[in-house]
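Listed below are the residues making up each chain.
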Amino acid sequence: MFTLGASLSSQVNPDWQTYIMLGAYFVVLLIIGYYGYKKATGNISEYMLGGRNIGPYVTALSAGASDMSGWMIMGLPGEVYTTGLSAAWLAIGLTIGAYINYLVVAPRLRVYTEKAGDAITLPDFFRNRLDDKSNVIKIISGGIIVVFFTLYTHSGMVSGGKLFDSAFGLDYHFGLLLVAFIVIAYTFFGGYLAVSLTDFFQGVIMLIAMVMVPIVAMMQLSGLDTLSQAAELKPTNLDLFRGTTIIGIISFFAWGLGYFGQPHIIVRFMSIKSVKQLPTARRFGISWMAISLLGAVGVGLVGITFVNDGGVTLQDPETLFILMGQILFHPLVGGFLLAAILAAIMSTISSQLLVTSSSLTEDFYKLFRGEEAAKKHEKEFVLVGRLSVIVVAIASIMIAWTPNDTILNLVGNAWAGFGSAFGPLVLLSLYWKGLSRTGAVSGMLSGAIVVIIWIAFVKPLGDINDFFNLYEIVPGFLTSLIVTIVVSKITKKPQIDVEGDLEEVRQMVKGDNQKA
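Along every chain, residues carry numbers that run from 1 in the direction the sequence is written. Residue-level local features of this predicted model are given only where pLDDT is at least 70; pairs of side-chain atoms are given and counted only at 80 or more, and the full residue set underlies all totals for whole chains, interfaces and linings. Water and hydrogen atoms were dropped before computing side-chain values, which therefore reflect all heavy atoms in the structure.

Quick word on the overall build of the chain
Here is step 1: When its secondary structure is counted, the chain shows 22 helices and two strands.
Here is step 2: Over its C-alpha atoms the chain spans a radius of gyration of 22 Å, differing by no more than 12% from the 24 Å that the globule rule assigns to 516 residues.
Here is step 3: To sort residues, take the accessible area from a 1.4 Å probe on protein chains only and compare it with the maximum for the residue type: under 20% means buried, over 50% means exposed, and anything in between is partly exposed. Across the 516 residues that make up the chain, the buried fraction comes to 60%.
Here is step 4: Accessible area of the chain: about 19000 Å², with a carbon and sulfur share of 65%.
Here is step 5: Residues scored as positive are Lys and Arg, those scored as negative are Asp and Glu, and His as well as the terminal groups of each chain are ignored. The location of each charge is read from NZ of Lys, CZ of Arg, CG of Asp or CD of Glu. Averaging the coordinates of the 33 positive side-chain charges in the chain and doing the same for the 34 negative ones gives two points 12 Å apart. Put simply, DSSP H or I for four residues or longer makes a helix, DSSP E for two residues or longer makes a strand, and each gets a number counted from the N terminus. Note on method: radius of gyration uses C-alpha positions; expected globular size equals 2.2 Å times residues raised to 0.38. The protein chains shown are the only cover counted for residues, whose accessible areas, like all others here, come from Shrake-Rupley with a 1.4 Å probe.

A few points about empty space enclosed by the protein
Sizing a probe to match a water molecule and rolling it over the atoms shows the empty space that remains.
Here is step 1: Using a 1 Å grid laid over the protein atoms alone, points where a 1.4 Å probe fits but cannot get out form a cavity; open sets with protein on both sides within 12 Å along at least 5 of 7 lines form a pocket; any residue with an atom within 4 Å of a point counts as lining. Grid points are joined across faces, edges and corners, and a volume is the space filled by probe spheres set on the points. One pass over the full model with this rule turns up three cavities of 30 Å³ or more.
Here is step 2: By volume, the largest cavity is sized at about 120 Å³.
Here is step 3: Around the largest cavity sit 14 residues that line it, and Ala-63, Gly-64, Ala-98, Tyr-102 and Met-289 are the ones nearest its centre.
Here is step 4: The greatest single-element share of the lining of the largest cavity, amounting to four residues, is contributed by helix 4 (residues 56–67).
Here is step 5: Along the lines of polarity and charge, the residues of the lining of the largest cavity split into 10 nonpolar, three polar and one charged. Any residue that is not Ala, Val, Leu, Ile, Met, Phe, Trp, Tyr, Cys, Pro, Asp, Glu, Lys or Arg is counted as polar, Gly included; the first ten are nonpolar and the last four charged.

So, the nonpolar core
Here is step 1: One finds Ile-73 and Met-346 to be the most contacted residues of the largest nonpolar core, which totals 161 residues.
Here is step 2: Top contributing element to this core by residue count: helix 10 (residues 172–220), with 19 residues. For the purposes of this section, nonpolar cores are sets of buried Ala, Val, Leu, Ile, Met, Phe, Trp, Tyr and Cys residues that join through side-chain atoms within 4.5 Å.

Focus on helix 15 (residues 320–328)
Because an α-helix packs 3.6 residues into every turn, residues spaced three or four apart end up facing the same way.
Here is step 1: Most of helix 15 is tucked away: eight of the nine residues are buried.
Here is step 2: Restricting attention to buried positions, one finds in helix 15 the residues Leu-320, Phe-321, Ile-322, Leu-323, Met-324, Gly-325, Gln-326 and Leu-328.

Describing the environment of Ile-247
Here is step 1: In this fold, Ile-247 is placed in helix 12 (residues 246–253).
Here is step 2: Take Ile-247: its relative accessible area is 16%, and that puts it in the buried class.
Here is step 3: Taking the C-alpha atoms as reference points, Ile-247 and Leu-470, 223 residues apart in sequence, are found 5.7 Å from one another.
Here is step 4: Not counting chain neighbours up to four residues away, the residues in contact with Ile-247 comprise Asp-466, Phe-467, Asn-469 and Leu-470. Contacts between residues were defined by any pair of non-hydrogen atoms, one from each residue, lying within 4.5 Å.

Notes on the pattern of salt bridges
Here is step 1: Salt-bridge detection follows one rule: a side-chain nitrogen of Lys or Arg within 4 Å of a carboxyl oxygen of Asp or Glu. Following the criterion strictly, the structure yields 10 salt bridges and no others.
Here is step 2: Between Arg-110 and Glu-114 there is a salt bridge, with the nearest N and O atoms lying 2.8 Å from each other. Of this pair, Arg-110 and Glu-114 are both found in helix 7 (residues 106–115), four residues apart, which corresponds to roughly one turn of the helix.
Here is step 3: According to the relative accessible area criterion, Arg-110 is buried, its value standing at 6%.
Here is step 4: When its relative accessible area of 41% is taken as the criterion, Glu-114 is described as partly exposed.
Here is step 5: The residue Arg-437 makes a salt bridge to Asp-132 at a minimum N-O spacing of 3.0 Å. Of this pair, Arg-437 sits in helix 20 (residues 437–458) while Asp-132 sits in the loop between helix 8 (122–129) and helix 9 (136–168), and the two are 305 residues apart along the sequence.
Here is step 6: A network of salt bridges, in which partner residues are shared, links Asp-124, Arg-127 and Lys-138.

Comments concerning the environment of Thr-198
Here is step 1: Assignment of secondary structure puts Thr-198 in helix 10.
Here is step 2: Put simply, Thr-198 and Met-157 are 41 residues apart on the chain and 18 Å apart in space, counted from C-alpha to C-alpha.
Here is step 3: For Thr-198, the residues in contact, after removing those within four places along its chain, are Leu-29, Ile-32 and Tyr-186.
Here is step 4: In protein, a polar contact requires one atom able to donate a hydrogen and another able to accept it; more generally it is a pair of N or O atoms within 3.5 Å, and residues adjacent in sequence count only if both atoms are side-chain atoms. Side-chain polar atoms of Thr-198 contact the backbone oxygen of Val-195, separated by 2.9 Å.

Printed below as a string of structure tokens:
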């Protein structure tokens, strides 16, 4: 018997080969960051959006890797290990949501953001789409991005600290600072291109790891009988509908709603070279995502038998992947698997830092300096963007310094906040001519507020009635959607030809899809 947790490193003994593999991984990230610095950081559009010149494969894996953070490799297997197969509803909901996002949001957003004043952030697009000369919607939506992304980014920092604590027995804070330093370095210098290319590289590593670990573990145990053994330990382990409640299934499935409002994911659609390349990106990206999530579920299920047969006391289920990878494989491969966890963590942190930085620069600093200054002093705005990366990173580190929740819960809260605040607004801005500025602002605020209230005051009542355990994105998203529509119908519409714009966007998307 041995205990997983802070003592894991003393049991699996990571050696010099593991450290060499991790060192090589860090070096590759920094080289890519330097490449991005030399190739595409000449102006603010290149630094924040890659000059809208990113190919379909990089777009797909960048979207996937920035989405599938440490929660996929650590959080989801831990949830499956604890709950059983019913936790797979989360993977199912996410895959369906991502697919619909590619079909419904991606094409129109790519065309409309360029048509609407070449907007490079969501708040900028909302401002231009609604002809908001007061910039109210830009300030509010930018503020939501800064607040929620600072909280979201700190979940990645927590994952990094946990990794070094669990796998090496190193101080949690050392791991947190090391991960933050590497991410800041390549994001600070290389901007969007570096983030996208590192995401591609990291996505490949994540895919290999998520396929390799459950398959090798099953081969080491009893083959396919490994799953049967998990079911024997607890019948609900292999039951998709048992082991949870209807509210639990709805909550897991509802994660898919969040995709329509995640700035760090949908910004990838804004940066792709053309709409014609989106079908290729969709097929590649969804395939990657489905295989990776299936692997994560497999790690959790196989891990049930693995832990039981090995006589392991698993103190923290979210470190299951670390345990299996370090015990099953040669130290060199073990280092590769640890790099996969870092890839999941760092790809998301870098994307979130860049989106938050772009919001601080485009949605706040540009308002202070003025549009003309932005055109005349491109280098100044790139510098402000870089400094914003550091500011947000420091704030996230401070919040993550004393972790007090699971990775999955941390990600879930921020995911719900963005999905509820921005999801309905993104959909309505792309498809409904009746949207008004007041409706948009009311919907955003109501969605974010409902999520916060639900987390703080409603969920603690879950012991009284299971309904209160409902994932906060459900009431938040529905409230935002209803409020946006109702308020828009009774308030003044923008003084621009929105119907003509939407029809033009539709025709442009239709034409590009036919060419594709």
